[in-house]
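# Survey of secondary and tertiary structure
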Amino acid sequence: MADSTRDLVQHLAEFKEQGFTLFPKVYDAEAMEQWKRKHGELQQNVLGDPKHPTWWFRDTCELAPRVMLPAVANPLILDFAELVMGPFVQLDNLTLAAFPSVPAEQVCRKVSGWHRDRYSQIPRSSAFERPLAINAITYLQDLTDEFGPLRAIPGSHRKPITIPQEERSLPHPDEQILHMRAGDVIVIHNGLLHSGTPNTSGQLRYFFSVYYNLTWLKHTDNHSGPNVQQIIRQARARNDHRTLRLFGVDDHLEARANSGFMQPDEERWAEWTVADRKAIKAEIEPA
Ligand SMILES: O=C(O)CCC(=O)C(=O)O
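In this text the structure is predicted, and so the values were computed from the model without any measurement.

## Structural notes on the overall build of the protein
- Along the protein, the regular secondary structure elements total nine helices and nine strands.
- In terms of overall size, the protein behaves like a compact globule, its C-alpha atoms giving a radius of gyration of 19 Å where 287 residues would be expected to give roughly 19 Å.
- Along the first, second and third principal axes, the C-alpha atoms of the protein reach 60 × 45 × 30 Å.
- Evaluated residue by residue, the protein yields a buried proportion of 46% over its 287 residues.
- The long-range fraction of contacts in the protein, counting pairs at least 24 apart against all pairs at least 6 apart in sequence, stands at 85%.
- Element-wise, carbon and sulfur atoms account for 53% of the exposed surface of the protein, whose accessible area totals about 14,900 Å².
- The positive charge centre, built from 32 side chains, and the negative charge centre, built from 37, are 2 Å apart in the protein.

## Some remarks on unusual backbone geometry
- Unusually for a residue other than glycine, Lys25 sits at a positive phi of about 50°.
- Relative to the helices and strands, Lys25 resides in the loop between strand 1 (20–23) and helix 2 (29–45).
- By relative accessible area, which is 73% here, Lys25 ends up exposed.
- The backbone phi angle of Asp59 is positive, close to 55°, even though this residue is not glycine.
- Following the sequence through the fold, Asp59 ends up in the loop between strand 2 (56–57) and helix 3 (60–63).

## Thoughts on the site of the ligand
- In the vicinity of the ligand, the residues found are Trp56, Phe99, His115, Asp117, Tyr139, Leu150, His194, Gly196, Arg205 and Phe207.
- In this structure, an oxygen atom belonging to the ligand sits 3.0 Å away from a side-chain N or O atom of His194.
- One of the side-chain N or O atoms of Arg205 is found 2.7 Å from an oxygen atom in the ligand.
- Compared with its free state, where it exposes 290 Å², the ligand has 86% of that area covered by protein.
- Of the residues belonging to the shell around the ligand, the class tally is five nonpolar, three polar and two charged.

## Comments concerning the sheet that holds strand 8 (residues 194–195)
- Pairing within the open sheet is antiparallel, and its three strands lie in the order 6-5-8. The two strands at the open ends of the sheet, each matched to only one other strand, are strand 6 (176–178) and strand 8.
- Pairing of strand 5 (residues 150–152) with strand 6 involves three bridges; the strand directions are antiparallel. Residue pairing for strand 6: Arg151 is matched across the bridge by Ile177.

## What to know about the environment of Arg233
- Locating Arg233 in the fold gives a position in helix 6 (residues 226–238).
- For the pair Arg233 and Leu244, spaced eleven residues apart in the sequence, the C-alpha separation amounts to 8.7 Å.
- Among the polar contacts listed, one links the side chain of Arg233 to the side chain of Gln230, at a separation of 2.8 Å.

About the criteria used
- Residues numbered from 1 in each chain as written.
- Predicted model: local features only at pLDDT ≥ 70, side-chain atom pairs only at ≥ 80, totals over all residues.
- Heavy atoms only, no water.
- Helix = DSSP H or I, 4+ residues; strand = E, 2+ residues; numbered from the N terminus.
- Rg over C-alpha atoms; globule rule 2.2 N^0.38 Å.
- Buried < 20%, exposed > 50% of the residue type's maximum accessible area, 1.4 Å probe, protein only.
- Contact = heavy atoms within 4.5 Å.
- Areas by Shrake-Rupley, 256 points an atom, 1.4 Å probe, with all protein chains shown as cover.
- Lys, Arg positive; Asp, Glu negative; His and termini not counted.
- Charge placed at Lys NZ, Arg CZ, Asp CG, Glu CD.
- Near = heavy atom within 4 Å.
- Polar contact = N/O pair within 3.5 Å; in protein donor to acceptor, adjacent residues only side chain to side chain.
- Nonpolar A, V, L, I, M, F, W, Y, C, P; charged D, E, K, R; others polar.
- Pairing = 2+ DSSP bridges.

Shown next, in the form of structure tokens:
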């Protein structure tokens, strides 16, 4: 569960201001080892030329539901996501990737590539706007200089900053370099300019990204497979709307996305969140 409501409110203020907020030590070594092992297994299952392995996996909740669902449905991150986006949070994609190391002498660019994330746009004003999507990123190792820290331009989700092609792999004067620790989760607004840094550690650099968007958008991952459909059936049996929404089933969409908007959004969202919690059927105690 959330560390405390007050903490989440502080995270929200920070997120609105700088476009990201960091939740330290969300995942332990065991969870991260499982994900690394899973990456290796997925890689071995891919057909094709072993000299050109696949490093980037999507649809991972379908491919490995037991180890992935706890991260997708992490209550702390979802509580926060609902404060940011309202109770309209869907899994767009869960990406588990590994970036191979490159020899330091071959690295000609310090920055992997500045970008905003999927479903973004160049900010139109300096006001904070609810994002269409947020990215909850965890690295499965400490991001030392050798592993390649994350870079972000604080406030760029509220500024129409653009970067010319020839400068997209260069450090930016306003960048903040984030040496995240293994297991931390950073939640970023999809309008935030950010970039990775090339990995010269001699080891794999693991990247784990739970990308959420609003339930009325399309989703990148396929939620029609048997494992995700089973998660949906179980959530339906519990009347658990938050979990249903994660996989594209939003029974309240018509009422809530067409509510008339005559009351502050945050107030309305909080009421709906309480209603969703109350609607969950109590677990049946084993006899
Ligand atoms: O490599 C990283 O640290 C960031 C990757 C990233 O920003 C992305 O895939 O959107």
